[in-house]
Amino acid sequence: MSARLPLLLRGLRRPGRPPGPPLRPPAPARASGGGGGGCGGGEGLLGQRRLRDAQVGSSRGQGSRAPPVRGSIVREVIQNSKEVLSLLQEKNPTFKPVLAIIQAGDDNLMQEINQNLAEEAGLNITHICLPPDSSEDEIIDEILKINEDTRVHGLALQISESSFSNKVLNALKPEKDVDGVTDINLGRLVRGDAHECYVSPVARAVIELLEKSGVNLDGKKILIIGAHGSLEAALQCLFQRRGSMTMTSQWKTPHLQSKLLESDIVVLGSPKPEEIPLSWIQPGTTVLNCSHDFLSGKLGCGSLGVHFNGLIAEDDVSLLAAALRIQNMVSSGRRWLREQQHARWRLHCLKLQPLSPVPRITPTPLGEGKSTVTVGLVQALTAHLNINSFACLRQPSQGPTFGVKGGAAGGGYAQVIPMEEFNLHLTGDIHAITAANNLLAAAIDTRILHENTQTDKALYNRLVPSVNGVREFSSIQLARLKKLGINKTDPSALTEEEVSKFARLNIDPSTITWQRVLDTNDRFLRKMTIGQAPTEKGYSRQAQFDIAVASEIMAVLALTDSLADMKERLGRMVVASDKDGQPVTAEDLGVTGALTVLMKDAIKPNLMQTLEGTPVFVHAGPFANIAHGNSSVLADKIALKLVGQEGFVVTEAGFGADIGMEKFFNIKCRASGLVPNAVVLVATVRALKMHGGGPSVTAGVPLKREYTEENIQLVADGCCNLQKQIQIAQLFGVPVIVALNVFKTDTRAEIDLVCELAKRAGAFDAVPCYHWSIGGKGTVELARAVREAASKGSRFRFLYDVQLPIVEKIRTIAQAVYGAKDIELSPEAQSKIDRYTQQGFGNLPICMAKTHLSLSHQPDKKGVPRDFILPISDVRASIGAGFIYPLVGTMSTMPGLPTRPCFYDIDLDTETEQVKGLF
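Now for a description of the structure that goes with this document.

### Points about the overall build of the chain
Phase 1 of the analysis: Counting secondary structure elements, the chain contains 29 helices and 34 strands.
Phase 2 of the analysis: Counting every position in the chain, which comprises 919 residues, the buried fraction comes to 57%.
Phase 3 of the analysis: Carbon and sulfur atoms provide 51% of the accessible area of the chain, an area that totals close to 38100 Å².

Dropping the structure here:
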């Protein structure tokens, strides 16, 4: 077998996505939420109310004049927030934090103030308005939605006091809790970690007003009356940190009058009852009123603000608290952006305790350890070198799992766990592809049947039926009308010609390229006849099944980057041509939406881990011979974001440099826009001996002694294949590191020879790897070589220009990569090329469907075949995925089972439910 490779992507960090527009348009005249108390009246815009000068005195009446508080402190806070936000936006121009306020009720007192402060600072604000009688669970549901919305960086609650349970408050994510009401934020404050939490804006406003007014809090006696929950705790903590002696009390507490008499500063946390006279408060005592409840929007009775020698600075606490909430919002956005910079992970890696010999179930003589090296490399990077890294692997098909190759989770002490889940269905992505593929196949034959057996009028009436007296086109039918140039939306307005044009796809059955699929190796489905039942009215044709991972939908899944992109790609998949030679797509059949629905969960990568606890994305698994054979673009991009700028993503390609790597570069890199920094080429002494003329290797048959004993000559002769693979990688300008996957039968002389010849051939480095027997520790040197090669940068380039004619692109790959003298097109292949060019698909990249067992089209031609003519038997198109795939020689898209399949060794312990023999 040719050497195999995982391709390595360096962590190219992208700026965080902008938060986007507000969740919902801000509701007019809606009150803002807040945390813990404090409020303002609703008199008008910020800065439009009169300010009163306040007399600042000592705790017992001596003092001097204070500057207007609102005009100085509030504007200072907002200006500071605005400047900080501007600095953040210089590096992230689209970044604009969003404050969400969940309101349950009709009190709109603070809406205008919040809106104006947010606009002045440069924030977005949005209200989620719930009915006043909303239940606790309904409020929590809204909170949970906002928690998960990455566009929102702060969340405040404006709900009735009766709804303020611990369950509601602690539903907030602490990082979005800009009012500091959650237990986590309060706990951090009490513990002394104020820089790591959000502090109640109301409590901060009280402290700020006192300190800015010249009040020395050290040694003062503070009485907090009627405060509850987070406000009470925050006030106590902040005052005590400044050396104050604090007391808390409720309004109906005995001896309240005596407590008031001995207090220097009184903070009112709830409205003063009528029966408590103001005379209980000594003249000259500093009084701050937080009794307006930010959360309920209700004003308390009594005076507002700060009471100095009988003079009141009205509404200062509430207004400053609103400004400080904005400041917390900016801090939240700054923290979010900082998190996007990605520090090193604090990942708790798992400790291996390797046994010798390594426990093994059913060893296979096939495969050179591509997946195993991929896993071992990320284990070495993260668990041993403390470098953020992610592996991106393909999801295994049931075909090889139960057929010849067995599982694909790696092996030994370098594998993905849980291995059984990995190899058996996982999250059902392949089954979703099977369902979607076969739905489209059924739609094709059904449409042909109905068009053959109905008049234009009858067909049209069934396609656009009257439902409850209303007849209208569906959205996908409107799209088809637009494609046909029919600018009508009333079904009754179409002419007879337009009805026929709309209703009939006129599919030519001989041009159908869409096959049914099954995720099982079943050779007897390679050719069959469908439509033989009497109900099909004589419509029958020859068809076939492919293995599910060969479906174009799998290739679409691997190359898409979003739901919208996937839906568009699914819609443009070409399934046949009509009788005029024009392409017929899934969109024409009206099935695009249904396909997207079936695939909506399969688009999500599956997170797993290695034996040493390092992360792995398992997603997609295109058939490497037919499609591009690489894991998904989405997995790569998400992993790149997670590892950060200095991290690594090791993404696996199918088969050798001539197939997997070439397709990765020319197809996947074009689709994703990602550029790899290095290629890791996996080789084994065993494979090189085979390329040097050793006997054939067959599954289930013991290895010949040429492979179990030292044979320097076979290794030397076979290194010509390794040298060719290195040269192929160099065509693309990417440095190559050879990972020699060492088996226990390999000798030191054989290992040294391979590494020496690889370096002579131009490899950046060549490293023996022992991950199978000892895990990541056995690939540390490989990880260091990869890190060094990636730091040098690559001069990546594509092999060909996609604008070249299809034939020239095929010839370029055949000659430059495989070493062929030329290509030879069958008449059918030439006809298909002409058709695809005429249909406008000539500028797509090429995905060669070729055997992986040789650089040529003949599996038994080992080493480096020369001067051969590469036969192209057929050419097919995957328009949704975005490539043309020529079939080289005889290629089967449905593998068969061998005489002794892997399923002989697979069993379930019915007592423990442990899977056995799946390796």
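Having seen the structure, we can now continue with the description.
### With respect to the packing of aromatic side chains
Phase 1 of the analysis: Counted by the stated rule, this structure contains 11 aromatic pairs.
Phase 2 of the analysis: Between F883 and Y885, the ring centres sit 6.4 Å apart and the planes meet at 70°, which makes this aromatic pair edge-to-face.
Phase 3 of the analysis: Since its relative accessible area comes to 11%, Y885 is described here as buried.
Phase 4 of the analysis: Through pairs of rings, three or more aromatic residues link up here, namely F664, F665, F732, F796 and F798.
Phase 5 of the analysis: Here R670 stacks its cationic end above the ring of F798, 4.1 Å away from the centre of that ring.
Phase 6 of the analysis: When the ring centre of Y818 is taken as reference, the NZ or CZ atom of K850 above it lies at 4.8 Å.

### Side note on the environment of I512
Phase 1 of the analysis: Positionally, I512 belongs in the loop between α16 (496-503) and β18 (516-518).
Phase 2 of the analysis: Considered as a pair, I512 and V584 are 72 residues apart in the sequence and their alpha carbons are 9.3 Å apart.
Phase 3 of the analysis: When near neighbours in sequence (up to four residues on either side) are disregarded, I512 contacts I444, D445, I448, I507, Y539, R541, V575 and A576.

### So, the environment of G593
Phase 1 of the analysis: Note that G593 resides in helix α19 (residues 592-599).
Phase 2 of the analysis: For G593, a relative accessible area of 30% puts it in the partly exposed group.
Phase 3 of the analysis: Residues G593 and K567 lie 26 residues apart in sequence; the distance between their C-alpha atoms is 7.3 Å.

### Quick look at the sheet that holds strand β4 (residues 98-104)
Phase 1 of the analysis: Here three strands make up an open sheet; going across it, the order is β5-β4-β6 and the pairing parallel. What marks the edges here is a single partner per strand, and that holds for β5 (124-130) and β6 (154-158). Across this sheet, the average inter-strand angle for adjacent strands is 20°, counted without regard to direction.

### Things to note about the nonpolar core
Within soluble globular proteins, side chains that are nonpolar generally end up buried alongside one another.
Phase 1 of the analysis: Judged by nonpolar contacts, the single largest core of 61 residues is most densely connected at F665, L722, I726, V738, M848, L870 and I884.
Phase 2 of the analysis: Of all the elements, helix α28 (residues 806-818) adds the most residues to this core, at seven residues.
Phase 3 of the analysis: Counting residues in hydrophobic clusters, the runner-up holds 55 residues, among them L99, V178, V202 and L238.

Calculation rules
Residues numbered from 1 in each chain as written. Predicted model: local features only at pLDDT ≥ 70, side-chain atom pairs only at ≥ 80, totals over all residues. Heavy atoms only, no water. Helix = DSSP H or I, 4+ residues; strand = E, 2+ residues; numbered from the N terminus. Buried < 20%, exposed > 50% of the residue type's maximum accessible area, 1.4 Å probe, protein only. Areas by Shrake-Rupley, 256 points an atom, 1.4 Å probe, with all protein chains shown as cover. Phe/Tyr/Trp six-rings, centres within 6.5 Å; stacked < 30°, edge-to-face > 60°. Lys NZ or Arg CZ within 6 Å of the ring centre and 35° of its normal. Contact = heavy atoms within 4.5 Å. Pairing = 2+ DSSP bridges. Axes fitted to C-alpha atoms, helices over the stretch in contact; angles between N-to-C directions. Core = buried A, V, L, I, M, F, W, Y, C linked by side-chain atoms within 4.5 Å.

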